[in-house]
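Spelled out from the first residue to the last, the chains are:
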Amino acid sequence: MRIGLVGLNALYWPTSIADGLMGKPGVQFLAAATLGVNDEDISETLGLTSAEYAGRYKIKLYVQAEDMIASEKLDTVAIVTRHSEHADWVERLAKLGVNIYLPKTFATTPTEAERIVRAEKQYGIRVAVGPSARFLPQLAAAKRAVDQDLIGEPFSLRIGHHHGTIDGFSPQDWYRDPKEGGPELSLGWYGIDLAMHFMGDEVKSVFAKYGNYATSGSPFMDCGRMVMEMERGGVVSFDMYFCNRVNYPAWQLEIVGPKGVISIHRTDSSSFKTVVGLDRASGYETLPVLPEGPHWERFWVDELIQDRTLSVSAEYARQVTLISLAARTSARTGKVVQLV
């Protein structure tokens, strides 16, 4: 893989993606394109100037993405721009024959999502999307227990996710622009993906309640609950916490089947430490958590290199986006939104 970064004007992804690529067998991280964004804005958002970023990762800088792709003979790019610009960039670069990675938020409207899927098909490239919490070791352990039929077919799933706060984004950061989707889409992404992954089913309807309880100055919700009815009749609730300024477990989970309950729950007196538990008629036990496995933010790299089926494809990401948007509509109207 010969890969470059399209865009540096973002808080987290430029360094996270680069850190995952550096030193990885079969990968050459070669360049980044600033897209004409001035260094003052990049530094304000990323915490590094473009030159400092290039020096850290020993890559070459370009202004235009097309020049970078041609000069470096890239086969893959990761797009790190405003979410509302993803479709524009996919259409613009897919015609050059490069595969594309898009970190969530995938798209901010149904039309944008459809444009990305259409461009992928039209130009015969591959669009991978991420991250996915399903690859976090404890969540992977819980899914492994489901697949081993330890509790039977699940009919109820409760997920709690603490994702920090919006405080880390500067007042000028484009993430705070409501047009970019906010946590309603960027956090909703995780729970909807996990709902379909754990239940092995699609979402039939969604009801959501969002509020801003502890974050003055933010245009978004900072705490919300999404309830999804699945096609086969199961139910999933997803609690999103973007409000906690205290130590708290990032993930808690409870999945219920006719033979038992799998849970990810706090243990001891730690604010962070959790275990994966199994409750059945025979009693309670903890389940093994394996450190090996695909990385939750980098799984797409090997999938593209090895030409494997994408865990999170553009079409799947479009589906997650439509459900996220439906949940936002539900929260605004107070009504259940039917999806199928």
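For the structure, see preceding data.
Residues numbered from 1 in each chain as written. Predicted model: local features only at pLDDT ≥ 70, side-chain atom pairs only at ≥ 80, totals over all residues. Heavy atoms only, no water.

Visitor: Talk me through the overall build of the chain; I want residue IDs and the actual numbers.
Guide: Along its length, the chain carries 11 helices and 15 strands. For the chain, whose C-alpha radius of gyration is 20 Å, the value lies close to the compact-globule estimate of 20 Å for 340 residues. In the chain, which comprises 340 residues, the proportion classed as buried is 55%. Within the chain, contacts between residues separated by at least 24 positions form 72% of all contacts whose residues are at least 6 apart in sequence. Total accessible area computed for the chain in this model is approximately 14500 Å², and 50% of it derives from carbon and sulfur atoms. Looking at the chain, you have 35 positive and 41 negative side-chain charges, and the mean spots of the two groups are 2 Å apart. (Helix = DSSP H or I, 4+ residues; strand = E, 2+ residues; numbered from the N terminus. Rg over C-alpha atoms; globule rule 2.2 N^0.38 Å. Buried < 20%, exposed > 50% of the residue type's maximum accessible area, 1.4 Å probe, protein only. Contact = heavy atoms within 4.5 Å. Areas by Shrake-Rupley, 256 points an atom, 1.4 Å probe, with all protein chains shown as cover. Lys, Arg positive; Asp, Glu negative; His and termini not counted. Charge placed at Lys NZ, Arg CZ, Asp CG, Glu CD.)

Visitor: Give a detailed account of the pairing of strand β8 (residues 203-211), specifying residues and quantitative values.
Guide: Direction of pairing for β8 relative to strand β9 (residues 223-230): antiparallel, over a ladder of eight bridges. Across the sheet, Ala208 pairs through a bridge with Met226, a residue of β9. For β8 and strand β15 (residues 337-338), the ladder comprises two bridges, and the chain directions are antiparallel. Considered in β15, the bridge of Val206 is made with Val337. (Pairing = 2+ DSSP bridges.)

Visitor: Help me get a handle on the nonpolar core, residues and values and all.
Guide: Judged by nonpolar contacts, the single largest core of 111 residues is most densely connected at Tyr53, Val77, Ile100, Phe106, Met228 and Trp300. Of all the elements, helix α9 (residues 188-199) adds the most residues to this core, at eight residues. Setting aside anything within four residues of it in sequence, one finds Trp300 in contact with Met1, Ile3, Leu21, Tyr101 and Ala128. (Core = buried A, V, L, I, M, F, W, Y, C linked by side-chain atoms within 4.5 Å.)

Visitor: Any details on the sheet that holds strand β3 (residues 60-62)? Residues and values, ideally.
Guide: Spatial ordering of the open sheet is given by β3-β2-β1-β4-β5-β6, a layout of six strands whose pairing is parallel. Lying at the two open borders of the sheet, with one neighbouring strand each, are β3 and β6 (127-130). For this sheet, the mean angle separating the axes of adjacent strands, direction not counted, is 25°. Looking at chain direction, strand β2 (residues 28-33) and β3 are connected through three bridges and run parallel. Each residue of the ladder has a partner; that of Ala31, found in β3, is Lys60. (Axes fitted to C-alpha atoms, helices over the stretch in contact; angles between N-to-C directions.)

Visitor: So, a nonpolar patch on the surface: which residues are in play, and what are the values?
Guide: Together, Phe207, Val227, Val235 and Val336 give the surface a local cluster of nonpolar side chains, amounting to about 280 Å² of exposed area. Residue placement: Phe207 occurs in strand β8. The exposure class assigned to Phe207 is partly exposed, which follows from its relative accessible area of 32%. (Patch = residues over 30% accessible without salt bridge, like charges linked within 9 Å, V, L, I, M, F, W, Y side chains within 5 Å. Salt bridge = Lys/Arg side-chain N within 4 Å of Asp/Glu carboxyl O.)

Visitor: So what about helix α11 (residues 314-333)? Which residues, and what values?
Guide: Look at α11: 28 Å from first C-alpha to last across 20 residues, which is about the 28 Å you get at 1.5 Å a residue. Those residues of α11 that sit buried are Ala314, Tyr316, Ala317, Val320, Thr321, Ile323, Ser324, Leu325, Ala326, Ala327, Arg328 and Ser330. The positive-phi residue at the C-terminal boundary of α11 is Gly334, with phi of around 75°. (Expected span 1.5 Å × (residues − 1).)

Visitor: So what's going on with helix α3 (residues 50-57)? Residues and values would help.
Guide: By the burial criterion, the buried members of α3 are Ser50, Tyr53, Ala54 and Tyr57. All buried residues of α3 fall inside an arc of 95° around its axis, so they share one side. Where α3 is buried, its residues contact β1 (2-6), α1 (13-21), β2, α2 (39-46) and β3. Positive backbone phi, at 55°, marks Lys58, one or two positions downstream of α3. (Arc of directions from axis to C-beta.)

Interpretation in functional terms is not warranted from these geometric data alone.
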